[in-house]
Amino acid sequence: MSNLRKFIDKIKPNFLPGGKFEKLHSTFDAFETFLFVPNTTSKSGVHIHDAVDSKRTMIVVVLALLPALLFGMYNVGFQHYNAIGQADAGFWQMFWFGLLAVLPIVVVSYVVGLSIEFAGAQIRKEEVQEGFLVTGMLIPLIVPVDTPLWMIAVATAFAVIFAKEVFGGTGMNIFNVALVTRAFLFFAYPQSMSGDQVWIRTKDTFGLGGGAVVDGFSGATPLGQVATSTEAHTQIVDMFGQSYSLLDTVIGLIPGSIGETSVIAIALGALLLLITGVASWKVMFSVFAGGAFMGLVFNHFGPDTASANLPWIYHLTLGGFAFGAVFMATDPVTASRTETGKWIYGFLIGVLAIIIRVLNPGYAEGMMLAILLMNIFAPLIDFYVVDANIKKRLKRVQVNE
Amino acid sequence: MSKLLSAKTKEVLLGPLNKNNPITVQVLGICSALAVTAKLEPALVMGISVTIIVALSNVIISLLRDTIPNRIRIIVQLVVVAALVTVVSEFLKAFAYDVSVQLSVYIGLIITNCILMGRLEAFAMSNRPWESFLDGIGNGIGYAWILVAVAFFRELLGSGTLFGIRVIPQALYDIGYVNNGLMMMPPMALILVACIIWIQRARNKELQEDN
């Protein structure tokens, strides 16, 4: 470690103003502060400092995403080998297939996003902000495994420039950047983001796992089946028509976006986020409360369609609901900041997600649009919470006089 | 009038093309810029129509400006614009029926285009006919070129065509390229207009607001 420190100190003058690589100062600074906690302090005003700065906070979120990522890789392989009728393939074979399928997406998302971030910081002569560490990991987890890499590159570039850099970079964005990436993909290339052809990889990956798809195979996601069902009640089934139990949807060996399927893996991440206090439990809890509430309302008073009749608990375990609630809604930049506001913000996300799922047959999944919509309203909620508080206290003053 | 265009009239004509552009600087006429720019052809026709209508209505209002009672001037302006819009609309129906179907209500809605009322109120009511005519031509072309620029990218990236002719080679589709569906939706027009504003302000220091 001390050798590394010495090496960095030795090359540092090259990157300071006047040095040979002055233009790369932001890049150098990013790597230095990434490796070592900076020993500088604020030069003006009074600040309360936490030993954990935002780089360390972001790393916690990335760690929390790992269970979902690793499970997602295994699930990609699991779905693939089942689809080609080799369900007896070993655990490592399935995981290896998934790793090879998912890793390129992770690499593309990080390379494209970070290049733009570094270039942007360099142009504005600022420090490189670390927000993309999390965004770059979220993007691969919320797309179907068969999304072409160039689409991910285009969408990531679009989202980083138009949802983040133009607003002033990390901490200034109105919308969750990873969700803007997904929204761009969803509206620009709907044929690659929905339907029943994209969720399970049926082709081989780098020559691995070749084989013909078994007869009677269907790659629709559970929510996709519910949305396209014409009957009043529908049984959600796997690719060969075997029905899924509630436990199956919790474990998550079902088709879906890479990281969203397993409630257990997401719960592990949620636990880490809550123990370290990185994410707000109020937002997380109220999203689930809102979803459950709206699910129950539709169960009892909704129209007689398959998605309205889907038991409320399935609404919480299927699709991106749990993933969005834990990792997207709790994004501290785009969520409400007031404590009361967090309850309202989270609850409305849950309610809206289920409303979109049930009432709009065009969208099988509603979590993305619900969170983006509430991102817009988060500052408004905060404004009225603060306003109400001021009015309450003002009244108290007048009574005392 | 020794010269055809003095420095002032030159500014009246050319200002709206860049530093005083009705769309990117004054942010007027955004609604039709979203609606008709999915394809180049309707965007171009819309741009030409608006140019003709702004120029002619500017001239007419400028000629009438001393006789119009101040309290009913908006109604008079509307009557003039509505008459011109009806003429253009009928002309398109007669000679370019397909385009007029594509543009549907948006030709009629030129009556409510903010650029028209803006120019009539701000310029034609207080200037002579020749300057008013140049102002109308300048603003119309300023509006039209933004429309055509936006439509160029929307049609190229959204449909892979320009003026309906395929320009992105089939080979590219064969290796997996897909048209961008978002480009066909109105929100993308806003983002493209924003990009033009971004480039324009980055190049012109005087357009940058301090904050």
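All values derive from a computational prediction rather than experimental measurement. (Residues numbered from 1 in each chain as written. Chains lettered and ligands numbered in written order. Predicted model: local features only at pLDDT ≥ 70, side-chain atom pairs only at ≥ 80, totals over all residues. Heavy atoms only, no water.)

**Examining the overall build of chain A**
Here comes step 1: Secondary structure summary: chain A contains 17 helices and zero strands in total.
Here comes step 2: Considering only C-alpha atoms, chain A reaches an extent of 70 × 65 × 35 Å along its principal axes.
Here comes step 3: The buried share of chain A, taken over its 401 residues, is 49%.
Here comes step 4: In chain A, the proportion of contacts linking residues at least 24 apart, taken out of those at least 6 apart, comes to 71%.
Here comes step 5: Here chain A has roughly 19,200 Å² of accessible surface; of this, 67% comes from carbon and sulfur atoms. (Helix = DSSP H or I, 4+ residues; strand = E, 2+ residues; numbered from the N terminus. Buried < 20%, exposed > 50% of the residue type's maximum accessible area, 1.4 Å probe, protein only. Contact = heavy atoms within 4.5 Å. Areas by Shrake-Rupley, 256 points an atom, 1.4 Å probe, with all protein chains shown as cover.)

**A look at the domain arrangement of chain A**
Accessible area lost on assembly of the parts is the figure often given for the size of an interface.
Residue and element names in this part refer to chain A.
Here comes step 1: Along its sequence, chain A is carved into domain 1 (2-35) and domain 2 (54-390).
Here comes step 2: On a C-alpha basis, the centroid separation for the pair domain 1 and domain 2 is 37 Å.
Here comes step 3: Counting residues at the interface gives eleven residues for domain 1, matched by ten residues for domain 2.
Here comes step 4: When domain 1 packs against domain 2, close to 780 Å² is buried across both sides, 53% of that on carbon and sulfur atoms.
Here comes step 5: Linking domain 1 with domain 2 are zero salt bridges, by the criterion used here. (Domains from an automatic or database assignment. Buried area = accessible area lost by both parts, 1.4 Å probe. Salt bridge = Lys/Arg side-chain N within 4 Å of Asp/Glu carboxyl O.)

**Describing the interface of chain B and chain A**
Here comes step 1: At the junction of the two partners, chain B supplies twelve residues and chain A supplies eleven residues.
Here comes step 2: Across the interface of chain B and chain A, roughly 870 Å² is buried in total on both sides, 77% from carbon and sulfur atoms.
Here comes step 3: The three residues of chain B that bury the most area against chain A are B:V178, B:N180 and B:L182, which together make up 45% of that side's buried surface.
Here comes step 4: Linking chain B to chain A there are zero salt bridges.

**Points about the nonpolar core**
Here comes step 1: Within the largest apolar cluster, 137 residues are counted, with the highest numbers of intra-cluster contacts made by A:F323, A:F327, A:Y345, A:I349 and B:M46.
Here comes step 2: The element best represented in this core is helix 3 (residues 54-83) of chain A, accounting for twelve residues.
Here comes step 3: Every residue in contact with A:F327, bar those within four places of it in the chain, is listed here: A:A64, A:L65, A:L138, A:I266, A:G269 and A:L273.
Here comes step 4: In terms of nonpolar packing, the next biggest core, distinct from the first, is built from nine residues, A:L223, A:I254, A:A306 and A:L310 among them. (Core = buried A, V, L, I, M, F, W, Y, C linked by side-chain atoms within 4.5 Å.)

**Re a nonpolar patch on the surface**
Here comes step 1: Taken together, B:L44, B:I48, B:I52, B:L56, B:I60, B:L63, B:L64, B:F163 and B:I165 make up a surface patch of nonpolar side chains, about 790 Å² in accessible area.
Here comes step 2: One can find B:F163 in the loop between strand 1 (161-162) and strand 2 (165-166). (Patch = residues over 30% accessible without salt bridge, like charges linked within 9 Å, V, L, I, M, F, W, Y side chains within 5 Å.)

**Section: the environment of A:V108**
Here comes step 1: Tracing the chain through its elements places A:V108 in helix 4 (residues 91-124).
Here comes step 2: Here A:V108 is in contact with A:L149, A:I152 and A:A153, once residues within four sequence places are set aside.

**Thoughts on the packing of helix 8 (residues 129-159) of chain B against helix 10 (residues 186-203) of chain B**
Residues and elements named next belong to chain B.
Here comes step 1: Between helix 8 and helix 10, the shortest axis-to-axis distance is 10 Å and the interhelical angle comes to 120 degrees. With respect to helix 10, the element helix 8 is oriented oblique. Between helix 8 and helix 10 lies a crossing of right-handed hand. Mapping the contact onto sequence places W145, I146, A149, V150, F153 and R154 in helix 8 and P186, A189, L192, V193 and I196 in helix 10.
Here comes step 2: Tallied by class, residues from the contact of helix 8 with helix 10 come to ten nonpolar, no polar and one charged. (Axes fitted to C-alpha atoms, helices over the stretch in contact; angles between N-to-C directions. Parallel < 35°, antiparallel > 145°, perpendicular 65-115°, else oblique. Left-handed = near helix turned anticlockwise from the far one by under 90°. Nonpolar A, V, L, I, M, F, W, Y, C, P; charged D, E, K, R; others polar.)

**A word on the pattern of salt bridges**
Residue and element names in this part refer to chain A.
Here comes step 1: By the definition in use, this model includes nine salt bridges over all chains.
Here comes step 2: Ionic pairing is found between K164 and E117, a salt bridge with its closest N-O pair at 3.1 Å. Linking K164 in helix 6 (residues 149-164) with E117 in helix 4, this pair joins segments that are 47 residues apart in sequence. The exposure classification of K164 matches that of E117, with both residues buried.

**Looking at the packing of aromatic side chains**
Here comes step 1: Taken as a whole and judged by the stated rule, the model has 27 aromatic pairs over all chains.
Here comes step 2: Considering the side-chain rings of A:W150 and B:Y177, the 5.6 Å spacing of their centres and the 20 degrees angle between planes classify their relative orientation as stacked. Residue A:W150 is located in helix 6, and its partner B:Y177 is located in the loop between helix 9 (170-174) and helix 10; the two belong to separate chains.
Here comes step 3: Accessibility expressed as a relative area gives 28% for A:W150, which makes it partly exposed.
Here comes step 4: Arranged with centres 6.2 Å apart and planes meeting at 85 degrees, the rings of A:F285 and A:W343 form a pair that is edge-to-face. One end of the pair, A:F285, is in helix 12 (residues 281-301); the other, A:W343, is in helix 16 (residues 339-359), with 58 residues separating them in the sequence.
Here comes step 5: Judged by relative accessible area, A:W343 falls into the partly exposed class, the value being 32%. (Phe/Tyr/Trp six-rings, centres within 6.5 Å; stacked < 30°, edge-to-face > 60°.)

**With respect to the confidence of the model for chain B**
Here comes step 1: Confidence in the prediction for chain B averages 85 pLDDT; 97% of positions are at 70 or higher.
Here comes step 2: Both confidence scores are given for the complex: pTM 0.85, ipTM 0.82. (pLDDT = per-residue confidence, 0-100.)

**So, helix 4 of chain A**
Residue and element names in this part refer to chain A.
Here comes step 1: Given a rise of 1.5 Å per residue, 34 residues ought to cover 50 Å, and the 48 Å separating the end C-alpha atoms of helix 4 matches this to within 8%.
Here comes step 2: Residue V102 marks the point of greatest curvature in helix 4, where the axis turns by about 30 degrees; the proline P104 follows within four residues.
Here comes step 3: Looking one or two places after helix 4, you find K125, whose phi comes out positive at around 55 degrees. (Expected span 1.5 Å × (residues − 1). Bend = angle between axes of the 7 residues up to and from the residue.)

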